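Notes for the structure review
Listed here are the chains, written in short residue letters.
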Amino acid sequence: MFNFEYRNPTKIIFGKGQIATIAKEISPGTKVMLTCGGGSIKANGVHEQTMRALAGCEVIEFGGIEPNPEYETLMRAVELGRKEKVGLLLAAGGGSVLDGTKFIAAAIPFKGDEWDIVRKGAAVESATPLATILTLPATGSESNPFAVISRRGTGEKLAFSSDHCYPKFAVLDPETTYSLPRKQVANGIVDAFMHTMEQYLTFPVHAELNDRFAESILQTLIEVGPKTLADPNDHDARATFVWSATMALNGLIGCGVPQDWATHMIGHELTALYGIDHARTLAAVAPHLYRVCRENKAEKLQQYAKRVWGEESAEAGIRRTEEFFESLGVPTRLARYEGVQADTPALVVSRFEARGERKFGERGIVDLKAVEEILRRSLAA
Ligand code: NZQ
Ligand code: ZN
């Protein structure tokens, strides 16, 4: 096992009706800016519950943060936050609203070109405090320091991270997710599955406990994923799914182990190019990546196949993964997504080259030749 440091400061407030309790987490006199997306929180009652809970606070609102949150939109919120001198940003929605709010939090006190936080990884020395009310289990953004921000003008979709961007608290009420369309639930299952795989399917370092943490999340998602998709109102299944998605990317399972993330890096390019939902890009990349990297990942692929699926061969494990994603309605071949051009492999490689990014994955095993091969296979229907 590698050396590691671990700390996750986000307080999790889990379960039915918990939005009602948030006022006690907020110091009296704090001016709150509630951030949200395109209206789902108004339709499903989360907005009303939140405003009721904040009845004693001064609250302003910023809505319209879009899926794959957009820099230009977020900068309007930054201006508003500065003008109004807000003391807490409260993000209510899915990963996009939460990620966008982390950028707003980091940008409000930032001196200089705010895009440098994302493009150049400029040091974030402070941030406006933020908290989250999660309505879409998937990204883990509710209790991690990461955010992925898009800039359509330049066709970029890039991640940043800062310890100042951990939410102070995260409300996870499974009932707030009942209104999700089926497609978003399926996406969430795949995203959480892939976050676990990115921190597990590398090479063995005798991190037995972490391996089993990861395997337990994978097995749980395989068990409850189809259940919660079939019956959104099955509270136990939905609660287990919500908690699994949080645990998949709150830092714990990544302690002391090598990490991959090549699937995510390639996937972000596909979203930037074609607007394909984040989780769907992962499903269209991962199985092909595992085949291309099967020698470097041989031991963990074998362990994954055996322990998670009860299969004897690495290939059978990869095939079961594809079948699982497909059973959720998430295609695992790029050829099945509309608008994807035949020159995508070369295009993605040239975008990475232009940014000076040449190696991904644990030990840099995914070079640009491998990226091209992975996408070529995914395009061959
Ligand atoms: O905008 P609204 O009206 O809120 O509607 C949203 C949006 O249209 C809707 N929605 C959310 N909760 C709902 C709901 N509709 C009905 N009922 C509810 N309870 O769902 C749509 C998609 O929302 P979005 O936030 O975009 O989805 P997701 O949570 O999958 O987030 C995806 C973003 O997160 C980034 C992705 O790259 C992508 O930009 N990621 C963030 C990570 C992180 N912070 O750690 C890691 C991930 O790997 C990922 O990259
Ligand atoms: Zn993801």
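Residues numbered from 1 in each chain as written. Chains lettered and ligands numbered in written order. Predicted model: local features only at pLDDT ≥ 70, side-chain atom pairs only at ≥ 80, totals over all residues. Heavy atoms only, no water.

Overview of the coordination of the zinc ion (ligand 2)
Threshold: In this listing, donors mean N, O and S atoms no farther than 2.8 Å from the metal, or 3.2 Å for Na, K and Ca; water is missing from the atoms, so a site can look incomplete. The helix and strand labels rest on DSSP assignments: H or I over at least four residues marks a helix, E over at least two residues marks a strand, and numbering proceeds from the N terminus. Only protein chains enter the accessibility calculation, which uses a 1.4 Å probe; a residue is then buried when its area is under 20% of its type maximum, exposed when over 50%, and partly exposed in between.
The coordination sphere of the zinc ion (ligand 2) contains the protein donors Asp191 (OD), His195 (NE2), His264 (NE2) and His278 (NE2), at a distance range of 2.0 to 2.2 Å. Each donor residue of the zinc ion (ligand 2) lies on one chain, and together they are spaced D-x3-H-x68-H-x13-H. Note that His264 is positioned in helix H9 (residues 262-274) and His278 in helix H10 (residues 278-292), a separation of 14 residues in sequence. Judged by relative accessible area, which is 17%, His278 ranks as buried.

Points about the site of ligand 1
The line we're drawing: Consider each residue's heavy atoms; a residue with any of them within 4 Å of a molecule or strand counts as near. The definition of a polar contact used here is a pair of N or O atoms within 3.5 Å, where within protein one atom must be able to donate a hydrogen and the other to accept one, and adjacent residues in sequence count solely through side-chain atom pairs. Every accessible area reported is derived by Shrake-Rupley at a probe size of 1.4 Å, with residue values counting cover from the shown protein chains alone. Gly is put with the polar residues, along with every residue not named as nonpolar or charged; the nonpolar set is Ala, Val, Leu, Ile, Met, Phe, Trp, Tyr, Cys and Pro, and the charged set is Asp, Glu, Lys and Arg. Note that domain bounds follow an automatic or database assignment of domains.
The environment of ligand 1 is made up of 32 residues, and the closest members are Gly38, Ser40, Gly95, Ser96 and Asp99. Asn68 places a side-chain nitrogen or oxygen 3.1 Å from an oxygen atom of ligand 1. Burial of ligand 1 by the protein amounts to 89% of the accessible area it has alone, namely 970 Å². Secondary-structure elements contributing two or more residues to the shell around ligand 1 are helix H4 (95-107), strand E6 (146-151), helix H6 (182-198) and H9. Each residue belonging to the shell around ligand 1 can be placed in one class, and the counts come to eight nonpolar, 21 polar and three charged. Each of domain 1 (11-176) and domain 2 (182-379) contributes no fewer than three residues to the shell around ligand 1.

A look at the sheet that holds strand E3 (residues 58-62)
Put simply, the rule reads: Should DSSP find at least two bridges between two strands, the strands are taken to pair. Orientation is described by axes fitted as lines to C-alpha atoms, over the contacting stretch for helices, and by angles from 0 to 180 degrees between their N-to-C directions. Residue contacts are counted whenever heavy atoms from the two residues lie within 4.5 Å of one another.
Taken in spatial order, the six strands make up an open sheet running E1-E8-E5-E4-E2-E3, and their pairing is parallel. A single partner strand is all that each edge strand has here, and the edge strands are strand E1 (11-14) and E3. For this sheet, the mean inter-axis angle between neighbouring strands, taken without regard to orientation, is 20°. Relative to E3, strand E2 (residues 31-35) is paired through five bridges, and the arrangement is parallel. Counterpart to Lys31 in the pairing with E3 is Glu58. Packing of H4 onto the sheet brings it into contact with E2, strand E4 (88-93) and strand E5 (130-134), and relative to E4 it is tilted by some 165°.

Some points on the domain arrangement of the protein
The cut-off we apply is this: Summed over both partners, the accessible area lost on bringing two parts together, with a 1.4 Å probe, is the buried area. What counts as a salt bridge is simple: a side-chain nitrogen of Lys or Arg found within 4 Å of a carboxyl oxygen of Asp or Glu.
Parsing the protein into structural domains produces domain 1 (11-176) and domain 2 (182-379). The centre of domain 1, based on its C-alpha atoms, is set 26 Å off from the matching centre of domain 2. Counting residues at the interface gives 21 residues for domain 1, matched by 20 residues for domain 2. In this assembly, domain 1 packs against domain 2 so that about 1,800 Å² is buried in total across both faces, 66% of it on carbon and sulfur atoms. At the boundary of domain 1 and domain 2, one finds zero salt bridges. Counting the contacts that link domain 1 with domain 2 gives four residue pairs in polar contact (both at pLDDT 80 or more). The residue makeup of the side of domain 1 that touches domain 2, split by class, is 10 nonpolar, six polar and five charged.

A short note on the pattern of salt bridges
Where charged atoms from two side chains of opposite charge approach closely, those side chains can pair. Tallying each qualifying case throughout the model produces 30 salt bridges. Ionic pairing is found between Glu156 and Arg119, a salt bridge with its closest N-O pair at 3.0 Å. Here Glu156 is found in strand E7 (residues 156-161), whereas its partner Arg119 is found in helix H5 (residues 115-119), with 37 residues between them in sequence. For Glu156, a relative accessible area of 13% translates into the label buried. A relative accessible area of 37% places Arg119 in the partly exposed class. Two residues, Arg307 and Glu215, come together in a salt bridge whose shortest N-O distance is 3.0 Å. Of the two residues, Arg307 sits in helix H11 (residues 298-309) while Glu215 sits in helix H7 (residues 208-230), which places them 92 residues apart along the sequence. Several salt bridges share partner residues, and in doing so they unite Arg291, Glu315, Arg319, Glu322 and Arg333 into one network.

Observations concerning the environment of Thr246
Turning to its location among the elements, Thr246 is positioned in helix H8 (residues 235-248). Here the alpha-carbon distance between Thr246 and Thr139, two residues 107 residues apart in the chain, equals 7.6 Å. Not counting the four nearest positions on each side in its chain, Thr246 is found in contact with Ile12, Glu142, Ser143 and Leu172.

Regarding the packing of H6 against H8
The line we're drawing: Geometric relationships in this document are graded by angle, where less than 35 degrees denotes roughly parallel, more than 145 denotes roughly antiparallel, 65 to 115 denotes roughly perpendicular, and other angles denote oblique. Crossings are sorted by hand: turned counterclockwise from the far helix by less than a right angle, the near helix makes the crossing left-handed, and turned clockwise it makes it right-handed.
One way to put it is that H6 packs onto H8 with a least axis distance of 8 Å and a crossing angle of 40°. Considering the angle they form, H6 stands oblique to H8. As for how H6 packs across H8, the hand of that crossing is left-handed. Contact residues: Val185, Gly188, Ile189, Ala192, His195 and Thr196 in H6; Arg238, Phe241, Ala245 and Ala248 in H8. Per-class residue counts for the contact of H6 with H8 are six nonpolar, three polar and one charged.

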